[in-house]
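Read off the chains here:
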Amino acid sequence: MGNIKKILGDNIRTLRMNKGWTQVYLSDCLEITAPFLAQIESGKRGMSLELIESVADLFEVPIASLFLEQKVGQENKTSEIREVKLRAVKRQLQETVSESIEKAFERLR
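Residues numbered from 1 in each chain as written. Predicted model: local features only at pLDDT ≥ 70, side-chain atom pairs only at ≥ 80, totals over all residues. Heavy atoms only, no water.

Peer 1: Mind showing me how you'd approach helix 2 (residues 23-30) here?
Peer 2: Each α-helix turn comprises 3.6 residues. Residues three or four places apart therefore point the same way. For helix 2, the set of buried residues is Leu26, Ser27 and Leu30. All buried residues of helix 2 project into a common sector of 100 degrees when viewed along the axis, lining one side. Backbone geometry just after helix 2 places Glu31 at a positive phi near 60 degrees. (Buried < 20%, exposed > 50% of the residue type's maximum accessible area, 1.4 Å probe, protein only. Helix = DSSP H or I, 4+ residues; strand = E, 2+ residues; numbered from the N terminus. Arc of directions from axis to C-beta.)

Below is the structure:
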């Protein structure tokens with residue numbers, strides 16, 4: 001049973017990171033606490049069927065795919081982590097630029 005929790009947690013973490021979402025953001029979307037999500041992602045806690053369904057709906061994936069073990073080499077994981085970090089930086093830059101533009105418009109008014 002512990003292996004199923006680990007696979008489920010790994011898959012949720014991968015989906016979350018691929019979206020560039022934080023644990024806090026995902027936990028808010030799922031209406032659970034961030035520490036509970038961290039325990040799920042680490043394979044220490046299980047989830048209700050309703051919560052599993054919510055995760056699948058949120059990520060728009062089949063429920064069954066959450067239970068499939070992914071074979072990813074360490075090189076691929078490093079590349080994925082780098083890509084997630086770059087996406088987060090890009091999103092932060094976009095927010096900063098948007099805020100700066102908005103402030104400039106406010107000053108012109």
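Moving on from the model shown.
Peer 1: Help me out: how do you make sense of the environment of Lys85 in this one?
Peer 2: As for its position among the elements, Lys85 is in helix 5 (residues 74-108). Its relative accessible area of 56% is what places Lys85 among the exposed residues. A sequence separation of 65 residues divides Lys85 from Gly20, and the C-alpha atoms of the two residues are 7.7 Å apart.

Peer 1: Teacher, can you tell me more about the packing of helix 2 against helix 4 (residues 49-59) here?
Peer 2: For any two helices packed against each other, the geometry is given by the interaxial angle and the distance between the axes. Interhelical geometry of helix 2 versus helix 4 gives an angle of 115 degrees and a closest axis separation of 10 Å. As summarised for this structure, helix 2 and helix 4 are arranged roughly perpendicular, according to the angle between their axes. Crossing hand, helix 2 versus helix 4: right-handed. For the pair formed by helix 2 and helix 4, the contact residues are Leu26, Cys29 and Leu30 on the first element and Leu51, Ser54, Val55, Leu58 and Phe59 on the second. Split by residue class, the contact of helix 2 with helix 4 holds seven nonpolar, one polar and no charged. (Axes fitted to C-alpha atoms, helices over the stretch in contact; angles between N-to-C directions. Parallel < 35°, antiparallel > 145°, perpendicular 65-115°, else oblique. Left-handed = near helix turned anticlockwise from the far one by under 90°. Contact = heavy atoms within 4.5 Å. Nonpolar A, V, L, I, M, F, W, Y, C, P; charged D, E, K, R; others polar.)

Peer 1: How should I be thinking about the nonpolar core in this particular structure?
Peer 2: Most often, soluble globular proteins keep nonpolar side chains buried together rather than apart. Core analysis: the biggest nonpolar cluster contains 16 residues, and Ile12, Leu26, Ile32, Ile40, Met47, Leu51 and Val55 have the highest contact counts within it. Mapped onto this core, the elements with two or more residues apiece are helix 1 (2-19), helix 2, helix 3 (34-41) and helix 4. At five residues, helix 4 tops the list of elements feeding residues into this core. Excluding residues within four positions of it along the chain, Ile32 makes contact with Ser27, Leu37, Ile40 and Leu51. (Core = buried A, V, L, I, M, F, W, Y, C linked by side-chain atoms within 4.5 Å.)

Peer 1: For this particular structure, what's the right way to read helix 3?
Peer 2: Residues of helix 3 that are buried: Phe36, Leu37, Ile40 and Glu41. Buried residues along helix 3 cover an arc of 135 degrees about the axis, so they all sit on one side. Its side-chain oxygen 3.2 Å from the backbone nitrogen of Phe36, Thr33 forms the N-cap of helix 3. Of the residues flanking the end of helix 3, it is Gly43, one or two places downstream, whose phi is positive at about 85 degrees. (Polar contact = N/O pair within 3.5 Å; in protein donor to acceptor, adjacent residues only side chain to side chain.)

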